[in-house]
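A look at the structure
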Amino acid sequence: MSHHNTGDTWCIYPMYDFAHPIEDAIEHITHSICTLEFEDHRPLYDWVVRECEFENPPRQIEFAKLYLTNVVTGKRYIKKLVEDSIVDGWDDPRLVSIAALRRRGYTPESLKKFVELVGVAKANSSVDYAMLEYCIREDLKLKKARMMAVLDPVKLIIDNYPEGQTEELSIPNNLENEELGERKVPFGRELYIEREDFMEEPPKKYFRLFPGNEVRLMGAYFVTCTGCEKDENGNVTVIHATYDPETKSGSGFTGRKVKGTIHWVAADTALEVECRLYENIVDEEKGKLNEDGSLNLNPNSLTVLKTCYVEPALKDVRAYDSFQFMRNGYFCVDSKDSTPEHLVFNRIVSLKSSFKLK
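**Points about the overall build of the chain**
Regarding its fold elements, the chain presents six helices and 20 strands. Here the C-alpha radius of gyration of the chain, 28 Å, is well above what a compact globule of 358 residues would show, namely 21 Å. Each of the three principal axes of the chain carries a C-alpha extent, and together these read 90 × 45 × 40 Å. The 358 residues of the chain split such that 43% are buried. A fraction of 65% describes how many contacts in the chain between residues 6 or more apart in sequence connect residues 24 or more apart. In the form shown here, the chain has an accessible surface area of approximately 20900 Å², with 50% of it arising from carbon and sulfur atoms. One way to put it: in the chain the 46 positive side-chain charges average out to a point 5 Å from where the 60 negative ones average out.

**Section: the sheet that holds strand E16 (residues 271–278)**
With mixed pairing, the seven strands of this open sheet are ordered in space as E5-E18-E19-E20-E16-E17-E6. The outermost strands of the open sheet, each flanked by one partner alone, are strand E5 (146–147) and strand E6 (149–150). In terms of strand pairing, strand E18 (residues 322–325) meets strand E19 (residues 329–333) through four bridges, oriented antiparallel. Across the sheet, residue Ser322 finds its bridge partner in E19, namely Cys332. Sitting on the sheet, helix H6 (residues 129–140) touches E18, E19 and strand E20 (344–349), and the angle it makes with E20 is about 110 degrees.

**Regarding the pairing of E16**
For E16, the buried fraction is high: seven of the eight residues fall into the buried class. Direction of pairing for E16 relative to strand E17 (residues 302–310): antiparallel, over a ladder of seven bridges. Each bridged residue has a counterpart across the sheet, and for Leu271 the counterpart in E17 is Val310. Pairing between E16 and E20: three bridges, direction parallel. Each residue of the ladder has a partner; that of Arg276, found in E20, is Asn346.

**Brief notes about H6**
Helix length check: H6 (12 residues) gives 17 Å between terminal C-alpha atoms against 16 Å at 1.5 Å per residue, within 8%. Taking burial as the measure, the 12 residues of H6 include 11 buried ones, the bulk of the element.

**Quick look at the packing of helix H1 (residues 16–26) against helix H2 (residues 42–51)**
Interhelical geometry of H1 versus H2 gives an angle of 55 degrees and a closest axis separation of 9 Å. What the angle tells us is that H1 and H2 run oblique. In the packing of H1 onto H2, the handedness of the crossing is right-handed. Mapping the contact onto sequence places Asp17, Phe18, His20, Pro21, Ile22 and Asp24 in H1 and Leu44, Tyr45, Val48 and Val49 in H2.

**Some details on the pattern of salt bridges**
What the rule picks out here adds up to 31 salt bridges. Close ionic contact of Glu311 with Arg183 constitutes a salt bridge, the shortest N to O distance being 2.7 Å. Taken together, the residues Glu311 in the loop between E17 and E18 and Arg183 in strand E9 (residues 182–188) connect sequence positions 128 residues apart. You'll find Glu311 and Arg183 in the same group, each marked buried. Members of the salt-bridge network, linked through shared partners, are Asp88, Asp91, Arg103, Glu274, Arg276, Lys306, Asp334, Lys336 and Asp337.

**What about the sheet that holds strand E13 (residues 236–244)?**
As summarised here, the arrangement of the seven strands in space is E14-E11-E12-E13-E7-E10-E15, forming an open sheet in which the pairing is mixed. Since the sheet does not close on itself, it has two edges, and those belong to strand E14 (261–262) and strand E15 (265–266), each with one partner. As judged from the two bridges shared by strand E10 (residues 190–194) and E15, these two strands associate in the antiparallel manner. The residue of E15 that forms the bridge with Leu191 is Ala266.

**Some details on H2**
When H2 is considered as a whole, its buried residues turn out to be Tyr45, Val48 and Val49. The buried residues of H2 all sit within an arc of 90 degrees when viewed along its axis, so they share a single face. For H2, the exposed residues lying more than 90 degrees away from the buried face are Pro43 and Arg50. Against the buried residues of H2 lie H1, strand E1 (31–35) and strand E2 (59–63). Glu53 occupies a position one or two residues after H2 and carries a positive phi of about 60 degrees.

Criteria and thresholds
- Residue numbering note: each chain is counted from 1, following its sequence as written.
- Only residues with pLDDT of 70 or above have their local features reported here, since the model is predicted, and side-chain atom pairs are shown and tallied only from 80 upward, although totals for entire chains, interfaces and linings are computed over all residues.
- The side-chain quantities take in all heavy atoms of the structure and omit both hydrogens and water.
- Comment: elements are numbered from the N terminus, with helices defined as DSSP H or I runs of at least four residues and strands as E runs of at least two.
- We compute the radius of gyration from the C-alpha atoms alone; for a globule the expected value is 2.2 Å times N to the 0.38, where N is the number of residues.
- Three exposure classes are used, based on accessible area relative to the maximum for each residue type with a 1.4 Å probe and protein chains only: buried under 20%, partly exposed in between, and exposed over 50%.
- We call two residues in contact when some of their heavy atoms are within 4.5 Å.
- Residue-level accessible areas treat just the shown protein chains as cover; the underlying method is Shrake-Rupley with a 1.4 Å probe.
- A positive count includes Lys and Arg, and a negative count includes Asp and Glu. His and the chain ends are not counted in either.
- In plain terms, the charge of a residue is placed at NZ if it is Lys, CZ if Arg, CG if Asp and CD if Glu.
- Here, strands pair whenever DSSP counts at least two bridges between them.
- Only the stretch in contact is used when a helix axis is fitted, and all axes are lines through C-alpha atoms; the angle between N-to-C directions ranges over 0 to 180 degrees.
- By this rule, a helix spans an expected 1.5 Å times one less than how many residues it contains.
- Roughly parallel here means an angle under 35 degrees, roughly antiparallel means over 145, roughly perpendicular means 65 to 115, and every remaining angle is called oblique.
- With the far helix as reference, a near helix turned anticlockwise by less than a right angle produces a left-handed crossing, and one turned clockwise produces a right-handed crossing.
- Put simply, a salt bridge is a Lys or Arg side-chain nitrogen that is within 4 Å of an Asp or Glu carboxyl oxygen.
- Each direction from the helix axis to a C-beta atom contributes to the arc, which is the arc of those directions.

If you want it as C-alpha cells, here you go:
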C-alpha cells in the first residue's frame, strides 16, 4: 500500500510499538515515562528491547495524567477554544499550558511546589485547582511588594487639606518581610478609593466610609466622611471628608483608634491602567461538559476593568513583573498586550481561598 505521506518511497514502515522502544534504546533513554493507556503496550516494549539484545535496555514506566478541576487540559478542547476565539491563544491566562501560566504570573517555584504536593499517581484522579492557587500565594506572599491600586475608583476630596499641596509618605513594601524596605507614596487633597469602601446607608458592622464615620487612610491620616455628590441617576461621583493632621501614620499618635482602614491613590499622580480579572474557564456549578459533549463555559471567566489607578511607582514595570495589590490580589504585567503607554495587569490569584493544606 502507498503511504499517505511518502507514497512508495519505502517498502515497509515500522509500527509505533516497534519503533518507539528501539529509538529509546538508541538514544540511551533509561526510563521512558508515559501515561496509563500505554500500560498494555509494555510487554511488547520489553520484548523488542530484549530481543534486540541492547546492553542497557530502557524501562517503560506509566503514570496517571494530572487532571485539574474547572480548567481545560485536553489539546482538542483547547484548539477549539482558540479557533473559536473564546480565548486569545494557547497562552491565554485562563488556560494551564506552560505559556499561559507564565503569562498569568505563575512562577517556576510555585509549579514545583504544586507537583511536590500532588505527587505521582498510578490511578486517574482530579486535583482541586485551589491547590495550584495555594502554591502561588505561598510563593509570592513574602517576595512581592504590596502596592496600592484602586480597581473600581471613586474620587475622595479632603476638603480641609491645603489645595495644591502634595506630601510624600513612607509606606512599608511588605509588612511580613522588612528586607523589602519602604517606598515613598505621594498624598494630596484629591484621592481615588474603591467604590465599595463607601456606603451612604451602611449595614451593621460596616467599618469603612459613611457619613459621620472616621477611618484610617492606609499609611496616611484619619479622615471623617462629611457627605457625597451624585449624578442624575443617583450614582455617587464624589465623596467628601475632612482629615485630622495630628493622626499622621508614624507620628506616634495614640489619641484614639478606628476600626476601618482603606487604601487609596493620589489623583494627581495616579497612573491609569487596565486590569483583567480571571475566573475558571469552566462553570464550576454545572461541571466541565454539557450533555452534547461541548464545554460548559463560564461567561464570567474574564472581566476587563479599563479604568483603574495605581501608584506612580509602577510606571516603569516590565512584562512578568508581579506585585500584590492591597486587598485585591496578586497581579502580573501582561506580556502580550501591556505597553509603557498602556499598562495591563493580569490578576494571578485573589488573596483569600477556602483551600487548606491537610
